[in-house]
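# Examination of the molecular architecture
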Amino acid sequence: MPGMVVFGRRWGIASDDLVFPGSFELFIRILWWIGTMVLFIYHKGHFECNGRAVLHSYLVGLLVVLALIILSLCAIVYISAQGTITNPGPRRSMPALVYLRAILYVPELVWACLGAVWVSDDGRGCDPATVGAVISAVVASWIILLFTAVGVVFVFDPLGNPRPQPPAMEPLGVRDMQSSEGTQFLSTARSLAVKVWESRLRLLCCCLPQDESSRAAFSSISQLFSSFFSDTDLVPSDIAAGLALLHQEQDKMERSRDPDVVVPHSPSSPVGEDLEDELEKATHWMQFAAAAYGWPLYIYSNLFTGPCKLSGDCCMSRVAEDEIVGGDHLGCHFSSILQTTGLQYRDFIHVSFHNQIYEIPFFVALDHKREAILVAVRGTLSLKDVLTDLSAECENLPVEGVLGACYAHKGISQAAGYVYKRLVNDGILNQAFSIAPEYKLVITGHSLGAGAASVLAILLRNSFPTLQCYAFSPPGGLLSKALADYSKDFVVSVVLGKDLVPRLSIPNMEDLKRKLLKIVSNCNKPKYRILLQGCWYELFGGDPDDCPTEMDNRREQELSQPLLGEESLIVRHSSSYQSLGSDESPAHTPAHLPLFLPGRILHITEDGPTRRSCFSQVRYRADWSNEMAFRSILISPRMLTDHMPDIVLRALGTLTKDKPFSLCPSSLSDSQHNAI
């Protein structure tokens, strides 16, 4: 549903978003009115104290104001619950009710001031319970007014200023963008949207230095965000409702899928014993990828013993370590790496915790157990890393000997270039190989670190033909098809379950947006019911909701055209927008170049039912997959927890040790996973 238009501007809230906040305020107001009425009846309207006339008038006026507010809230809640997301007709009276409710804030403010004056001037000598009740009423009024002001700021849309309408759409929603008026309108809208997003980023990242890298990152990210959101008119609750419906729809499809269907192996993927060997190696290298996060992950994974183990090592003078460790002033990061990896101080060649936009921490060490020189790159752990992640446009990455288009994720490519320069130009790798010339080179990382490790491996491949890279939960929008195929000889990507990050790319996000528009437009249920049932499903499970749609009685051939509801959610047709009735792969979207996961892909999934009780045994299975299996975003409570490095490490440990973990699905992110 497009944002509600009141007070001459569009807001970031729809007319069907007031059911829950209105119901909550209605509950508070009814209790408040009952308490005031009990106080008034108890004293029978007569108060033996100074200023009793003022107190009597205050209570009577408060009862009247509260009654009017309760009636207006009842109307707002009832009207807001009518219709559907794309059918606002039954809610056409909502702006008038919002105006009425706003007017009632004036007498409430006056009565709050009157109550405050009475308490300060005439409250002495009155019954303490009466004075306390009046003080509570005054405080409650000011709290509600404060929360209302905060809510107004929260739903304020900087792009909601009245503006001239674009040229009328043609029959199927195709505008004539050749007209100078339409072109000027869209150009102005895009420019304004970019400035708004850039201002938001600057406010969010106000603690970061405003250098050239920051300004470049803000500019590219704001252009990406403004382009992605410019062709739809959805409010946040519409997106939440769409995600709830899409999750249940995906679960229905998953349950109906034939369990005997097996995903074909990648042509270059080994099977049998080689799979077990790769799992054992992946488990070993994942320890180093997790160690790169330093003390935050170590403490998180060892809540009870971690602080004690690190307390003796942190904040101590380490003069010798200054030669190899940079950016770790207290020594806690390096101490946690020593604890996690089991290596000795002498095994480390270089450790850097320097962190800026496009510059990420890493360490180089000698792993004598595997006879390898290891480069471990840290994943996302700071706001600067987030900006590196969000710099998602493509950047050319020419590689000698690779045929086809070579490009990669800009932010990750630049981060890998930074590590490459440090390793090669600063002579770090030369120093390592001078110590252990017979060792092989292994590069690893998790999340952002996995993406940077994969690109770094591509850059170093010609110089070190035997190198291997293990990328854990790498970003999906990373490499062009040519580079992804090239990396299959030396890169292994490990993905756990329904992890969101390996499925994240601009084409996949466009595909998700298209699916959300389609499923929201087709659903005939009001938004509040969708959200309530969605929350119940996420918390307690059950059968997916069979949502009735406007498509139930439509002929099959009509489904290839967008519905009117879908058209109403589109501000303009961008080049990335396809027919909402089409289920074509987002890889065919012409506006954004497709990017893929690196190397061969090892997909780890839970072996058994999706829902299970607490303390039940969880077993995992691992299969070789291919990049096309990750061309769609899966909605699940685990889409974020499956990305956590400690969860990935435990899943790998379960597979290699053949021991299930006992856990509760509602606390997947906890560290209370005990092996049985």
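Small disclaimer: the values here were computed from a predicted structure and weren't measured.

Cut-offs used in this document
Position numbers for residues start from 1 in each chain and track the written sequence from start to end. For a predicted model such as this one, the threshold for reporting local features is a pLDDT of at least 70, and the threshold for listing and counting side-chain atom pairs is 80 or more; totals across whole chains, interfaces and linings nevertheless cover every residue. In computing side-chain values, all of the structure's heavy atoms are included and hydrogens and water are not. Whether a residue is buried, partly exposed or exposed follows from its accessible area with a 1.4 Å probe, protein chains only, as a fraction of its type maximum: under 20%, in between, or over 50%, in that order. The numbering of helices and of strands both runs from the N terminus, where a helix is a DSSP run of H or I of at least 4 residues and a strand a run of E of at least 2. A pair of strands is treated as paired once DSSP finds two or more bridges between them. UniProt positions are given in the numbering used here, feature names are shortened, and annotations may be inferred rather than shown by experiment. Two aromatic rings from Phe, Tyr or Trp, using only the six-membered ring of Trp, form a pair when their centres are within 6.5 Å; if the ring planes differ by under 30 degrees the pair is stacked, by over 60 it is edge-to-face, and anything between is tilted. Sitting over a ring, as applied to charges here, requires NZ of Lys or CZ of Arg to be within 6 Å of the ring centre and within 35 degrees of the ring normal. Just to be clear on terms, a salt bridge is a Lys or Arg side-chain nitrogen sitting within 4 Å of an Asp or Glu carboxyl oxygen. Here an angle of 0 to 180 degrees is reported between the N-to-C directions of two axes, which are lines fitted to C-alpha atoms, with helices fitted over the stretch in contact. For classification purposes, angles smaller than 35 degrees are called roughly parallel, those larger than 145 roughly antiparallel, those between 65 and 115 roughly perpendicular, and all remaining angles oblique. By definition, any crossing whose near helix is turned counterclockwise from its far helix by less than a right angle is left-handed, and any crossing with a clockwise turn is right-handed.

## Remarks on the pairing of strand β5 (residues 362-367)
Along any regular strand, the residues point their side chains to alternate faces of the sheet. β5 sits mainly inside the fold: six of its six residues count as buried. The alternating pattern of β5 places Phe362, Val364 and Leu366 on one face and Phe363, Ala365 and Asp367 on the opposite face, and all of these are buried. Both strand β4 (residues 348-352) and β5 contribute to a ladder of four bridges, which runs antiparallel. Across the sheet, residue Ser352 finds its bridge partner in β5, namely Phe362. Relative to strand β6 (residues 372-377), β5 is paired through six bridges, and the arrangement is antiparallel. Residue pairing for β6: Phe362 is matched across the bridge by Val377. Counting the residues that bridge the hairpin from β5 to β6 gives four residues, and of these Glu371 lies at a positive phi of roughly 50 degrees.

## Topic: the UniProt feature "transmembrane region" (unreviewed entry) in the protein
Following the UniProt record, the feature "transmembrane region" (unreviewed entry) maps to residues 26-43, 55-79, 99-119 and 131-156 here. Summarising residues 55-79: 100% helix, 0% strand, and an end-to-end C-alpha distance of 36 Å. Helix makes up 92% of residues 131-156 and strand 0%. Its end C-alpha atoms lie 38 Å apart.

## Description of the pairing of strand β11 (residues 491-496)
Counting buried positions along β11 yields six of six residues, so the element is predominantly enclosed. Both faces of β11 are covered, namely the face carrying Val491, Ser493 and Val495 and the face carrying Val492, Val494 and Leu496. Here four bridges tie strand β10 (residues 468-472) to β11, and the two strands are oriented parallel to one another. Within β11, the residue paired with Cys469 across the bridge is Val491.

## A short note on the packing of aromatic side chains
All told, the structure shown has nine aromatic pairs when counted by the stated rule. Between Tyr486 and Phe490, the ring centres sit 5.5 Å apart and the planes meet at 75 degrees, which makes this aromatic pair edge-to-face. According to the relative accessible area criterion, Tyr486 is buried, its value standing at 18%. Overall, the relative accessible area of 0% leaves Phe490 in the buried class. In this structure, Lys481 is placed above the aromatic ring of Phe596, and the distance from its NZ or CZ to the ring centre is 5.5 Å.

## Some words on the pattern of salt bridges
Oppositely charged side chains may form a pair once their charged atoms are brought near each other. Overall, the coordinates contain 26 salt bridges when judged by the stated rule. In this structure, Glu627 and Lys481 form a salt bridge, with 2.2 Å as the shortest nitrogen-oxygen distance. One end of the pair, Glu627, is in the loop between β14 (620-625) and α20 (638-641); the other, Lys481, is in helix α16 (residues 481-486), and 146 residues separate them in sequence. Among the salt bridges present, the one from Arg650 reaches Asp646, with a minimum N-O distance of 3.1 Å.

## Thoughts on the packing of helix α2 (residues 52-80) against helix α3 (residues 94-121)
Contact pair α2 / α3: the axes reach a minimum separation of 10 Å and the direction vectors enclose 160 degrees. Looking at the two axes, α2 sits roughly antiparallel to α3. Read as a crossing pair, α2 and α3 show a hand that is left-handed.

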